[in-house]
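Below, each chain spelled out in residue letters.
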Amino acid sequence: MTKMFAAAIALASLAAATSANAQSADAGAGAKIIAPLEISNVTDLYFGTIAPSTTVADSVVVLADGSRKCGPALTCLTADHTAAAFAVTGEADAFYTISLPGEIKIVNDKGTAMRVADFTGSKSGGQLLSGEDSFTVGGTLEVGVRQEAGKYTGSFTVAVEYQ
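Quick caveat: nothing in here was measured; it's all calculated off a predicted structure.

Chemist: Now, about the pairing of strand β11 (residues 132–143): what can you tell me, with residues and values included?
Modeler: Strand direction decides the pairing type here: strand β3 (residues 58–62) and β11, joined by five bridges, are antiparallel. Across the sheet, the residue bridging to Ser59 is Glu142, located in β11. Bridge analysis of strand β6 (residues 84–89) against β11 gives six bridges, and the strand direction is antiparallel. Bridge pairing in β11 places Ala87 opposite Ser134.

Structure (structure tokens):
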């Protein structure tokens with residue numbers, strides 16, 4: 001019995017010695033929340049007034065720099081074409097990327113459609129110097145043979161994302 005008592009005391013003293021040597025540390029926790037990335041449309045993409053061909057389909061391109069190229073089978077009548085313009089705001093000096101659509105349809109009041117494709121941006125991403133930046137977007141309008149007259153409208157989505 002004395003041996004058992006001695007063994008129990010030895011185990012108790014070993015456990016006490018182990019817990020006496022235990023250490024702990026505290027760690028901090030935190031986060032930094034940055035300004036949300038926001039985009040707004042400043043100017044719409046507009047191809048101007050166009051007269052279609054009676055024999056050949058063709059296209060009109062508005063480049064991201066705002067210039068326009070009218071296909072040889074078409075007559076571009078006005079100079080009021082514009083590239084779409086966007087303003088971006090967010091965390092100062094942060095970088096972001098731009099995503100453009102593949103294609104859209106614009107329609108007149110009778111439901112007749114034209115395809116707009118090949119969207120191009122003035123850049124594929126940017127930096128928010130002082131928390132602000134901007135860019136422009138152009139595209140290609142496909143005009144059919146004897147395209148039905150009317151005002152055609154539609155919309156497209158451009159997305160930005162922090163890098």
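Chemist: Tell me what's going on with the environment of Gly144, and back it up with residues and numbers.
Modeler: Residue position: Gly144 is located in the loop between β11 and β12 (159–162). Along the chain, Gly144 and Met114 lie 30 residues apart, while their C-alpha atoms are 7.6 Å from each other. Contacts of Gly144, omitting those with residues within four sequence positions, involve Pro52, Ser53 and Ala57.

Chemist: Break down the pairing of strand β9 (residues 113–121) for me, with residues and values.
Modeler: The pairing of strand β8 (residues 103–107) with β9 spans five bridges and is classified as antiparallel. Bridged to Val107 within β9 is Ala113. In this antiparallel pair of consecutive strands, β8 and β9, the connection spans five residues, and Gly111 shows a positive phi of 90 degrees. Inspection of the sheet shows β9 paired to β11 by five bridges, in the antiparallel sense. In the strand pairing of β11, Thr120 is matched with Gly138.

Chemist: Can you tell me about the layout of surface pockets, naming the residues and giving the values?
Modeler: Volume-wise, the largest pocket comes out at about 650 Å³. If you trace the largest pocket, you find 28 residues lining it, with Tyr46, Phe47, Ile106, Tyr152 and Thr153 closest to the centre. Looking at the lining of the largest pocket, the elements with two or more residues in it are β1 (38–43), β6, β8, β9 and β11. Counted by class, the lining of the largest pocket contains 16 nonpolar, nine polar and three charged residues.

Chemist: Describe the pattern of salt bridges, and please don't skip the residues or the numbers.
Modeler: Considering all chains together, one arrives at four salt bridges under this definition. Notably, a salt bridge pairs Arg115 with Glu142, separated by 2.4 Å at the nearest N-O pair. Taken as a pair, Arg115 in strand β9 and Glu142 in strand β11 lie far apart in primary sequence, 27 residues in all. For Arg115, a relative accessible area of 26% puts it in the partly exposed group. The salt bridge partner of Asp133 is Lys123, with a shortest N-O separation of 2.7 Å. Highlighted residues: Asp133 in strand β11 and Lys123 in the loop between β9 and β10 (125–127), separated in sequence by 10 residues.

Chemist: Lay out the state of the cysteines in plain terms, naming residues and giving numbers.
Modeler: Working definition: the covalent bond between the sulfur atoms of two cysteines is a disulfide. Following the criterion strictly, the structure yields one disulfide and no others. Put simply, Cys70 and Cys76 are joined by a disulfide, and their sulfur atoms are 2.2 Å apart. Because the torsion about its S-S bond is 90 degrees, the bridge between Cys70 and Cys76 counts as right-handed. For Cys70, a relative accessible area of 30% translates into the label partly exposed.

Conventions and cut-offs
Counting from 1, residues in each chain are numbered in the order their sequence is written. Only residues with pLDDT of at least 70 are given local features in this predicted model, and only at 80 or more are side-chain atom pairs given and counted; all residues enter the totals for whole chains, interfaces and linings. Values reported for side chains reflect all heavy atoms of the structure, with hydrogen atoms and water molecules removed beforehand. Two strands qualify as a pair provided DSSP detects at least 2 bridges between them. Put simply, DSSP marks the helices as runs of H or I at least four residues long and the strands as runs of E at least two long, and each gets a number from the N terminus on. Any two residues having at least one pair of non-hydrogen atoms within 4.5 Å are treated as being in contact. In this analysis a 1.4 Å probe is tested at points of a 1 Å grid over the protein atoms alone, and where it fits but cannot get out there is a cavity; an open set with protein on both sides within 12 Å along at least five of seven lines is a pocket; lining residues have an atom within 4 Å of a point. Grid points are joined across faces, edges and corners, and a volume is the space filled by probe spheres set on the points. Polarity classes work like this: nonpolar for Ala, Val, Leu, Ile, Met, Phe, Trp, Tyr, Cys and Pro, charged for Asp, Glu, Lys and Arg, and polar for all others, with Gly in that last group. What counts as a salt bridge is simple: a side-chain nitrogen of Lys or Arg found within 4 Å of a carboxyl oxygen of Asp or Glu. Relative accessibility under 20% of the residue-type maximum defines a buried residue, over 50% an exposed one, and the middle range a partly exposed one, all with a 1.4 Å probe and only protein chains included. Sulfur atoms of two cysteines make up a disulfide when they are within 2.5 Å.

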